[in-house]
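Summary of the model geometry
Here is what each chain is made of, one letter per residue.
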Amino acid sequence: GKSGGSTPTTPTTPKEQPSSWAKAEVDKAIAAGLVPDTLQQNYTKGISRANLSKILSKLLDKVYGKNPTKNSAKFTDTTDADVLKAANLEIINGYKQSNGTYQFKPNNTLKRAEMAAIVNRVAKLCGKTTTGFDKEVKFADTANHWCKSELGWPVHVGIVKGTSDTTFSPENTLTTEQTIMMIYRAYEALK
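The rules we used
- Think of each chain on its own: its residues are numbered from 1, step by step along the sequence as written.
- In keeping with the model being predicted, local features are shown solely for residues with a pLDDT of at least 70 and side-chain atom pairs are shown and tallied solely at 80 or more, while totals for entire chains, interfaces and linings include all residues.
- Note that water and hydrogens are dropped before the side-chain values are worked out from all heavy atoms of the structure.
- Strands are runs of DSSP state E lasting at least two residues, helices are runs of H or I lasting at least four, and both sets are numbered from the N terminus onward.
- When accessible area is computed with a 1.4 Å probe and restricted to protein chains, residues below 20% of their type maximum are described as buried, those above 50% as exposed, and intermediate ones as partly exposed.
- Should any heavy atoms of two residues lie within 4.5 Å, those residues are considered in contact.
- Counted as a polar contact is a pair of N or O atoms within 3.5 Å, where, for protein atoms, one must be capable of donating a hydrogen and the other of accepting one, and residues adjacent in sequence contribute only when both atoms are in side chains.
- Remark: nonpolar core denotes a set of buried residues (Ala, Val, Leu, Ile, Met, Phe, Trp, Tyr, Cys) joined through side-chain atoms within 4.5 Å.

1. Structural notes on the side chain of Lys85
Relative to the helices and strands, Lys85 resides in helix H3 (residues 81-88). Note on Lys85: relative accessible area 13%, which makes it buried. Filtering out sequence-adjacent residues up to four positions away, Lys85 remains in contact with Ser57, Leu60, Asp61, Asn67 and Pro68.

In structure tokens form, the structure reads like this:
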């Protein structure tokens, strides 16, 4: 029943809340229309590659606005439109199998390194100069990591932050709320 306080008229089920440190940016991302209803939950759990594609698609609509001209992404394990859009724009890649086909692995969780690279590729797509910022990356654990070449710009504009002053933890799983925050920061930097 309605015993004090204001109860929202919609939605009918109460939404989960993000962690206190993430709430302000997550709320802004939702207000900006970047977060589908289905992703306004499970904030502290690792985000799947398929769910990332849903948020990424919203970001691309807002900051890039063009649909891919080619349609070359063919994955043996998904036909999801949001996944294919990001793949055809070369924002997100699949995994080459021994038989030469590609899998997207939609249920795999996203790693921090992958998210940094994805944000960097969106910036490039939008015409941003993303090179020349490598010296700003001071993380000891990315010196020999594949993501190092794609970390400079996201670190420079504050989209991506370290897990400490000296570590980025590139192989750590990215949570839903961390993903939303990075997508929101990318939106602010690119809009």
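2. A closer look at the environment of Gly162
Summarising the element assignment, Gly162 is placed in the loop between helix H5 (148-156) and helix H6 (176-190). As a C-alpha pair, Gly162 and Phe139 span 23 residues in sequence and 7.5 Å in three-dimensional space. Residues within four places of Gly162 in sequence aside, it is in contact with Arg112, Phe139, Thr167 and Phe168.

3. Notes on the side chain of Asn88
By the element assignment, Asn88 lies in helix H3. Of the polar contacts made by the side chain of Asn88, one reaches the backbone nitrogen of Ala73; its length is 2.8 Å. The residues contacting Asn88, other than those within four sequence positions of it, are Pro68, Lys70, Asn71, Ser72 and Ala73.

4. With respect to the nonpolar core
In terms of nonpolar packing, the biggest core is built from 52 residues, with Leu34, Leu56, Leu59, Ile91, Met115, Val122 and Leu151 touching the most fellow members. At the level of secondary structure, the elements contributing two or more residues to this core comprise helix H1 (23-31), helix H2 (49-63), H3, helix H4 (112-125), H5 and H6. If near-sequence neighbours (up to four positions away) are discounted, Leu34 is found in contact with Ala29, Ile55, Lys58, Leu59, Lys62, Ile183, Tyr184 and Tyr187.

Coordinates in, geometry out; function isn't part of it.
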